[in-house]
Amino acid sequence: MNSDAETKESFRKAVASRFETVEQDNFDQSEPSSIDVTSLSDDEFRRLIGLGVGAAALLHDLGHPPFSHTLEEFYKTYLAWIIGSVDKSTREEVMSVMAFHAGRDFHEQVGIILTKKIESESGWDSVPWDLVRAILESETNEGTWESCLHDLISGEVDVDRMDYLLRDARNSGTEFGSFDSERLLQSLELHLVPEPSVGNDLPVPRWIIGFGARACSALESFIVNRYQYYRWVAFHYHAVASNRMLNLCLYYYLQAERITDEGGALVKTVTDHKLNYFGMSAPSTNSRNRDLASFGDDGTVMELIKSGLLSHRGPSIDDASADISRIRFISLGDAVVHQTSNWVPIWKTDGAYREISQQLHDKLSNRMGNVKFKLNEWTKSHENGSRIALIRHKRFTQIMETVNPGYNELTPPVGSVPFITGGPVPFMNKIAWTLFGTGSEFGGIRFLRELNAADRFTFMAKPILGHEDGFWVFAFNSIEPWKIGNQGAQVFRGNVRRPLSEESGHSLHRLENMEAERSQFQCYFVSPHSDKMRVEDQNKIRQRFIEAYPSYVENALIDLLAR
């Protein structure tokens with residue numbers, strides 16, 4: 001990594017000061033650090049840092065569940081069931097780590113648990129575990145030397161993303177791995193930058209890893225290719241359908257097995273399944289437990305679904321005794337395991353989404369007017385300035401600021417340029433985000449919000465002849481094309497730092513336009529009675545969506561205001 005001699009020496013001193021003191025591990029037990037930086041030569045210190053970053057890079061995604069990010073929300077929601085069969089002390093250990101690192105993603109929390117297990121095994125004495133934990137447990141963009149190294153493996157432009165873009169592009173036959181990774185790596189620079197601090201008159205030094213100015217073209221290519229990868233591969237309509245249907249299949253499996261009630265709440269936790277790949281007991285047999293846990297992979301999930309299909313298929317789903325959870329589990333299980341064509345997307349392309357958005361635009365605008373009228377009625381029925389009226393007005397303002405681009409003269413993000421905020425497609429996207437996308441203003445787990453929204457739509461839309469037990473599936477996926485300002489990639493010209501969002505002018509801001517016009521909302525219809533959807537059925541289903549969606553939006557928004 002490029003830096004001057006003074007910066008290198010300051011970095012070494014910062015690392016040394018960390019390990020001169022007593023370390024605190026994840027479980028709040030004090031023990032001396034095994035790292036003595038002061039006794040190392042320059043070459044040995046570089047090797048130490050390289051080994052620590054390399055080990056952290058290999059371990060930072062260790063905690064991913066089967067099917068990676070797809071099942072993270074499922075695992076998090078039903079954690080008590082996943083680890084229900086392990087002993088009490090192991091459950092308490094898992095829950096302690098989850099609580100201590102509550103702000104992290106599920107796979108990061110599990111990764112910390114598994115890293116501790118590996119660390120306690122013999123044969124890994126050459127790994128600087130104190131350094132690895134310092135890197136893994138730091139947060140990105142904190143300005144410390146630990147977070148600075150963390151940014152190398154999990155930042156805006158990091159080795160993890162470089163790796164999967166190159167690998168996935170090769171495996172999927174796309175061109176989205178076309179960026180100069182060598183130029184990016186060779187242009188990395190380490191800087192200690194003084195920055196203003198709130199409540200402090202003196203600048204506070206921050207450790208930052210950025211890129212030399214010669215890497216600008218490679219950075220732009222990387223960010224564009226990453227966005228295109230998400231747009232055309234990760235969020236392809238078929239990939240989104242597969243991911244969402246897998247989650248729903250497991251959700252309804254739990255209901256069919258009477259593990260959860262009709263609302264999805266757990267009613268029993270003890271289980272003998274093998275989805276637990278991280279809650280390993282008996283420290284003396286870590287290696288054996290790790291071997292057993294390694295069998296908890298994609299195939300384990302598929303076998304669980306297959307066994308459930310064999311158990312629940314039994315009588316015909318046309319049988320009057322068949323309940324909704326069983327019908328839906330079988331339908332989704334067939335789609336997931338056997339790839340049965342018993343479902344149809346309401347649109348496949350951005351062009352088709354645009355056509356439907358244009359058809360619905362005026363109707364949705366009128367429905368928003370009805371919501372405003374209802375709000376005024378509520379206001380009149382309560383005392384002026386009452387708490388309920390104020391809460392509903394605040395929620396309506398939040399909704400309108402999200403949905404209506406002209407409301408209260410919205411301004412674009414700082415450091416950005418005005419991107420497309422109006423028009424049928426952004427309007428449709430923003431309504432979907434408001435109703436079931438994840439947002440701090442409205443809270444909730446996205447998967448469950450999508451499920452509840454789709455169930456409500458299924459209830460409101462009229463049944464389709466020949467598909468009376470059919471149901472709708474909603475999914476919402478937005479992409480942050482790149483981070484703006486100091487949160488994003490940094491470019492250095494000597495010691496002068498500028499965010500890439502400023503260095504690149506308006507070129508990369510065009511990605512914001514593309515994202516605003518992308519079909520972030522996906523909608524599907526699943527029929528338990530069809531092995532293959534006929535063209536005329538597909539047309540009827542799409543027409544039913546167009547007919548029912550405006551009324552659904554009005555009712556859902558009113559319900560959101562009334563909470």
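Residues numbered from 1 in each chain as written. Predicted model: local features only at pLDDT ≥ 70, side-chain atom pairs only at ≥ 80, totals over all residues. Heavy atoms only, no water.

**Topic: the side chain of R518**
Inference 1: Following the sequence through the fold, R518 ends up in the loop between α21 (510-516) and β9 (521-526).
Inference 2: Within the local environment of R518, its side chain forms a polar contact with the side chain of E515, the two groups lying 2.8 Å apart. (Helix = DSSP H or I, 4+ residues; strand = E, 2+ residues; numbered from the N terminus. Polar contact = N/O pair within 3.5 Å; in protein donor to acceptor, adjacent residues only side chain to side chain.)

**Re the pattern of salt bridges**
Between side chains of opposite charge, a pair can form as their charged atoms come close.
Inference 1: Applying the stated criterion across every chain, the model contains 29 salt bridges.
Inference 2: A salt bridge links E450 to R446, with the shortest nitrogen-to-oxygen separation between them at 3.7 Å. With E450 and R446 both in helix α19 (residues 446-460) and 4 residues apart, this pair spans about one turn of that helix.
Inference 3: Given the relative accessible area of 25%, R446 is considered partly exposed.
Inference 4: In this structure, R493 engages E503 in a salt bridge whose closest nitrogen and oxygen atoms are separated by 2.6 Å. Of this pair, R493 sits in strand β7 (residues 490-493) while E503 sits in helix α20 (residues 500-503), placing them 10 residues apart in sequence.
Inference 5: A cluster of three or more residues bridged by salt bridges with shared partners is formed by E156, R226, E480 and K483. (Salt bridge = Lys/Arg side-chain N within 4 Å of Asp/Glu carboxyl O. Buried < 20%, exposed > 50% of the residue type's maximum accessible area, 1.4 Å probe, protein only.)

**Describing empty space enclosed by the protein**
Empty space among the atoms becomes apparent when a probe as large as a water molecule is rolled across them.
Inference 1: Tallying each qualifying case throughout the model produces 4 cavities of 30 Å³ or more.
Inference 2: Taken together, L59, H60, R104, E108, G111, I112, T115, L136, H150 and S154 form the lining of the largest cavity.
Inference 3: In terms of residue count, helix α6 (residues 106-119) provides more of the lining of the largest cavity than any other element does, 4 residues in total.
Inference 4: Residue composition of the lining of the largest cavity, by class: 3 nonpolar, 5 polar and 2 charged.
Inference 5: Volume-wise, the second largest cavity comes out at about 70 Å³.
Inference 6: Forming the walls of the second largest cavity are 13 residues, and the residues nearest its centre are L248, L451, A454, W472 and V473.
Inference 7: For the lining of the second largest cavity, the element with the most residues is α19, which contributes 5 residues.
Inference 8: Residues of the lining of the second largest cavity, tallied by class, amount to 9 nonpolar, no polar and 4 charged. (1 Å grid on protein atoms, 1.4 Å probe; cavity = no way out; pocket = protein on both sides within 12 Å on 5 of 7 lines; lining within 4 Å. Points joined across faces, edges and corners; volume = space filled by probe spheres on them. Nonpolar A, V, L, I, M, F, W, Y, C, P; charged D, E, K, R; others polar.)

**Remarks on the confidence of the model for the protein chain**
Inference 1: Per-residue confidence for the protein chain averages 84 on the pLDDT scale, and 86% of its residues sit at or above 70.
Inference 2: Strand β1 (residues 23-24) is the least confidently modelled element of the protein chain, averaging 46 in pLDDT, while β9 averages 97, the highest of any element.
Inference 3: Note on residues 22-30: pLDDT under 50 across the span, and 22 contacts to partners over four residues away in sequence or across chains. (pLDDT = per-residue confidence, 0-100. Contact = heavy atoms within 4.5 Å.)

**Here we look at the environment of P424**
Inference 1: Tracing the backbone through its elements, the reader meets P424 in helix α18 (residues 424-436).
Inference 2: Expressed as a C-alpha distance, the spacing of P424 and Y353, which sit 71 residues apart in the sequence, is 9.6 Å.
Inference 3: With residues up to four places along the chain from it excluded, the contact list for P424 reads S357, Q358 and H361.

**Section: the side chain of N276**
Inference 1: Here N276 shows up in the loop between α12 (237-256) and α13 (286-293).
Inference 2: Reaching out from N276, the side chain makes a polar contact with the backbone nitrogen of F278 at a distance of 3.1 Å.
Inference 3: The residues touching N276, leaving out its near neighbours within four places in the chain, are I82, I83 and V86.

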